[in-house]
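Inside the fold
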Amino acid sequence: MTAADDRAFARPFRRGVLGVAILFVFIGGLLAAFGSGADRPAGVAERWLADVGDTTRKGVRDRSREAAEEVGPVELAADLLPDGDTDGRAAFADLEVGQATVREEGGSPTAFVPFRLHQRVDGETRDAVDGTVVLVDDGDGWRVAAVGPPVPGQEVPSEGGDPAERAPVGLFVGAIALAIVLTVTCSALVRLSGSDAPATE
């Protein structure tokens, strides 16, 4: 096979790879636009607590505070932040949230998310802190309204509670179907892009 033949084969292959890459970018855009977990109260609570914990972390303090404030005031978690030195690390050594309980209160959906965390201070990990993040749906999404004591009957998974989120069976079926479609489509793109390759003897 000559160098010209090699180039002729390479061109359709590159087009096929490019088509596959464009397809994945398109699907990634769809997932980013419609697959956000921002509407899940447990996810919002966990992200907010993580950002609050990072307000003591060296190098990301300001950014973490800004991210937390977009969901709820950091001051609501003042009692959760340790009163000692974290040595520039995150305030929480670990963090866990449980399944949200959503009720209608005052005409707005209100979610109660149980959490458990361990404070990191002076090089040590303190005893577990349990509580509840209260969120209200203001029409533009869930916002943290308060941090309170544990709600009876609500527990984090490590204490026997339900997982924060349960993926529906339909989601797994859809993922498998999407994988099959992607495989068939990518294979077809590569075959079609190579249809003008020179014949070999």
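Quick look at the structure, then.

Criteria and cut-off values
Residues numbered from 1 in each chain as written. Predicted model: local features only at pLDDT ≥ 70, side-chain atom pairs only at ≥ 80, totals over all residues. Heavy atoms only, no water. Helix = DSSP H or I, 4+ residues; strand = E, 2+ residues; numbered from the N terminus. Buried < 20%, exposed > 50% of the residue type's maximum accessible area, 1.4 Å probe, protein only. Contact = heavy atoms within 4.5 Å. Areas by Shrake-Rupley, 256 points an atom, 1.4 Å probe, with all protein chains shown as cover. Salt bridge = Lys/Arg side-chain N within 4 Å of Asp/Glu carboxyl O. Patch = residues over 30% accessible without salt bridge, like charges linked within 9 Å, V, L, I, M, F, W, Y side chains within 5 Å. Lys, Arg positive; Asp, Glu negative; His and termini not counted. Charge placed at Lys NZ, Arg CZ, Asp CG, Glu CD. Axes fitted to C-alpha atoms, helices over the stretch in contact; angles between N-to-C directions. Parallel < 35°, antiparallel > 145°, perpendicular 65-115°, else oblique. Left-handed = near helix turned anticlockwise from the far one by under 90°. Nonpolar A, V, L, I, M, F, W, Y, C, P; charged D, E, K, R; others polar. Pairing = 2+ DSSP bridges. Core = buried A, V, L, I, M, F, W, Y, C linked by side-chain atoms within 4.5 Å. Polar contact = N/O pair within 3.5 Å; in protein donor to acceptor, adjacent residues only side chain to side chain.

Turning next to the overall build of the chain. The secondary structure content of the chain amounts to four helices and five strands. Relative to its 201 residues, the chain shows a buried fraction of 29%. The contacts of the chain with a sequence gap of at least 6 include a subset with a gap of at least 24, amounting to 61%. Accessible surface for the chain amounts to roughly 12400 Å². Of this, 57% is attributable to carbon and sulfur atoms.

Let's shift gears to the pattern of salt bridges. Counted by the stated rule, this structure contains seven salt bridges. Here R65 makes a salt bridge to E69, at a shortest N to O gap of 3.7 Å. One end of the pair is R65 and the other is E69, both in helix α3 (residues 61-69) and four residues apart, which spans about a single turn. For R65, a relative accessible area of 36% gives the class partly exposed. A single network of salt bridges, built from pairs that share partners, joins R65, E69 and E75.

This part is about the environment of T125. For T125, the position within the fold is in strand β4 (residues 124-137). Remark: the alpha-carbon pair of T125 and F92, spanning 33 residues in sequence, is separated by 8.5 Å. Setting aside residues up to four positions removed in sequence, T125 forms contacts with A93, H118 and Q119.

Moving on to a negative patch on the surface. Together, D85, D87, D122 and E124 line one region of the surface with negative charge. Looking at the element boundaries, E124 is found in strand β4.

The axes of two packed helices give the description: the angle between them and the distance between them. Close contact between helix α2 (residues 41-53) and α3 brings their axes to 8 Å; oriented N to C, the two are set at 150°. Relative to α3, α2 is oriented roughly antiparallel. The hand of the α2/α3 crossing is left-handed. Of the residues in α3, those in contact with W48, D51 and V52 of α2 are S64, A67 and A68. Here the residues of the contact of α2 with α3 sort into four nonpolar, one polar and one charged.

Here we come to the pairing of strand β2 (residues 101-105). Successive side chains on a regular strand alternate, one facing one side of the sheet and the next facing the other. For β2 and strand β3 (residues 108-121), the ladder comprises five bridges, and the chain directions are antiparallel. When the sheet's bridge partners are listed, T101 is paired in β3 with F112. Here β2 folds back onto β3 in antiparallel fashion, the turn holding two residues, of which G106 has a positive phi close to 65°.

Core analysis: the largest hydrophobic core is formed by 22 residues, its most contacted members being W48, L49, L80, F115, V133 and L135. Elements that contribute at least two residues to this core include exactly α2, β1 (92-97), β3, β4 and β5 (142-148). The biggest single contributor to this core is α2, with six residues. With residues near it in sequence (within four places) discarded, W48 still touches A68, V71, G72, P73, V74, L76, A77, V144 and V147.

Right, let's talk about the side chain of T132 for a bit. Within the element layout of this structure, T132 appears in strand β4. At 2.9 Å, the side chain of T132 and the backbone oxygen of P149 are in polar contact.

Before going further, it helps to spend a moment on the environment of G98. As for its position among the elements, G98 is in the loop between β1 and β2. Judged by relative accessible area, which is 0%, G98 ranks as buried. Linking G98 and A45, residues 53 residues apart in sequence, is a C-alpha distance of 9.9 Å.

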